[in-house]
Amino acid sequence: MSMMGITDYGATGALEATIRFAGQRQRIIAHNIANISTPDFQSLDVSPIAFQKALSRAVDLRRKAGDSRGLDIPSTRELRKDSSGNLVLRPSTPSGNILGQDRNNSDIERLMQDQTENLMVYRSSIELLRSRSEMMRSALASRV
């Protein structure tokens, strides 16, 4: 197994994909918050549940293949990989929000909840990845 295989195998690839997803989603949520009082503004979002399902499928496929290649996250309606392998989100207008008098469908309480939940996912993934990196650094320095 190459050095790249050691660092990509296991949870590292899933953590990196989760961090990328959460970072991009945070920008979408921030855009929605910035336009909360804009008339006719329709908020956008991507489904974290759909991402989690796609990530789970990718992890399962990698386990069945039994190799150390990177995660190949399948494309969905809201998620795809570009030619360089980066995640690209395609947000859509979520259903269920009620239009206000200004034809704006944003709900500040829901946006704040989404922002907080997304930030928690981002921070916990960063912390887990940091601890894995520290463990690898300690192992390589023979200080285990």
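This structure is a prediction, so every number in the text was calculated from the model and none was measured.

Some thoughts on the packing of helix H2 (residues 11–34) against helix H4 (residues 108–140)
1) Next: Direction vectors running N to C along H2 and H4 enclose 155°, while the axes themselves pass 9 Å from each other. Here H2 is positioned roughly antiparallel relative to H4, judged by the angle of their axes. Remark: the crossing between H2 and H4 carries left-handed chirality.
2) Next: Of the residues that constitute the contact of H2 with H4, the class distribution is 14 nonpolar, 8 polar and 4 charged.

A look at the nonpolar core
1) Next: Judged by nonpolar contacts, the single largest core of 15 residues is most densely connected at Phe51, Leu55, Leu71, Ile73, Leu79 and Leu87.
2) Next: Mapped by element, the contributors of at least two residues to this core are H2, helix H3 (48–65) and strand S2 (87–89).
3) Next: Here this core gets 5 residues from one element, more than from any other, and that element is H3.

Quick word on the pattern of salt bridges
Close approach of charged atoms lets side chains of opposite charge pair.
1) Next: With the rule as written, the count across this model stands at 6 salt bridges.
2) Next: Close ionic contact of Arg77 with Glu78 constitutes a salt bridge, the shortest N to O distance being 3.7 Å.
3) Next: Of the residues examined, Arg77 reaches a relative accessible area of 61% and is grouped as exposed.
4) Next: Taking the relative accessible area as the measure of exposure, Glu78 reaches 9% and is therefore buried.
5) Next: Across the salt bridge formed by Arg130 and Glu127, the nearest N and O atoms sit 2.5 Å from each other. Residue Arg130 and its partner Glu127 are both found in helix H4; the two are separated by 3 residues, about one turn of the helix.
6) Next: On the basis of relative accessibility, which here comes to 40%, the residue Glu127 falls in the partly exposed class.
7) Next: Beyond isolated ion pairs, a larger network of salt bridges with shared partners links Arg25, Asp45, Arg110 and Asp114.

Here we look at a nonpolar patch on the surface
1) Next: A cluster of nonpolar residues, Leu119, Tyr122 and Ile126, forms a patch on the protein surface that exposes about 220 Å² of accessible area.
2) Next: Within the secondary structure, Tyr122 is located in helix H4.

A short note on the packing of H2 against H3
1) Next: Relative to each other, H2 and H3 sit at 160°, their axes nearing to 11 Å. The orientation of H2 with respect to H3, classified from their angle, is roughly antiparallel. Classified by chirality, the crossing of H3 by H2 is right-handed. For the pair H2 and H3, the contacting residues are Ala14, Ala17, Thr18, Phe21 and Arg25 in the first and Pro48, Phe51, Leu55 and Val59 in the second.
2) Next: Residues belonging to the contact of H2 with H3 are distributed by class as follows: 7 nonpolar, 1 polar and 1 charged.

Points about the confidence of the model for the chain
1) Next: The pLDDT averaged across the chain works out to 82; a share of 81% of its residues lies at or above 70.
2) Next: For the chain, helix H1 (residues 3–8) is the element with the lowest average pLDDT, namely 47, and H2 is the one with the highest, namely 93.
3) Next: Across residues 1–6, where pLDDT falls below 50, the model places 5 contacts with residues more than four positions away in sequence or in other chains.

Comments concerning the packing of aromatic side chains
1) Next: The tally for this structure, following the rule as stated, stands at 1 aromatic pair.
2) Next: With a centroid separation of 4.2 Å and 5° between ring planes, the pair formed by Phe21 and Phe51 is classed as stacked. Taken together, the residues Phe21 in helix H2 and Phe51 in helix H3 connect sequence positions 30 residues apart. In this structure, Phe21 and Phe51 share a single accessibility class: buried.

Here is what the cut-offs are and how they apply
Residues numbered from 1 in each chain as written. Predicted model: local features only at pLDDT ≥ 70, side-chain atom pairs only at ≥ 80, totals over all residues. Heavy atoms only, no water. Axes fitted to C-alpha atoms, helices over the stretch in contact; angles between N-to-C directions. Helix = DSSP H or I, 4+ residues; strand = E, 2+ residues; numbered from the N terminus. Parallel < 35°, antiparallel > 145°, perpendicular 65-115°, else oblique. Left-handed = near helix turned anticlockwise from the far one by under 90°. Nonpolar A, V, L, I, M, F, W, Y, C, P; charged D, E, K, R; others polar. Core = buried A, V, L, I, M, F, W, Y, C linked by side-chain atoms within 4.5 Å. Buried < 20%, exposed > 50% of the residue type's maximum accessible area, 1.4 Å probe, protein only. Salt bridge = Lys/Arg side-chain N within 4 Å of Asp/Glu carboxyl O. Patch = residues over 30% accessible without salt bridge, like charges linked within 9 Å, V, L, I, M, F, W, Y side chains within 5 Å. Areas by Shrake-Rupley, 256 points an atom, 1.4 Å probe, with all protein chains shown as cover. Contact = heavy atoms within 4.5 Å. pLDDT = per-residue confidence, 0-100. Phe/Tyr/Trp six-rings, centres within 6.5 Å; stacked < 30°, edge-to-face > 60°.

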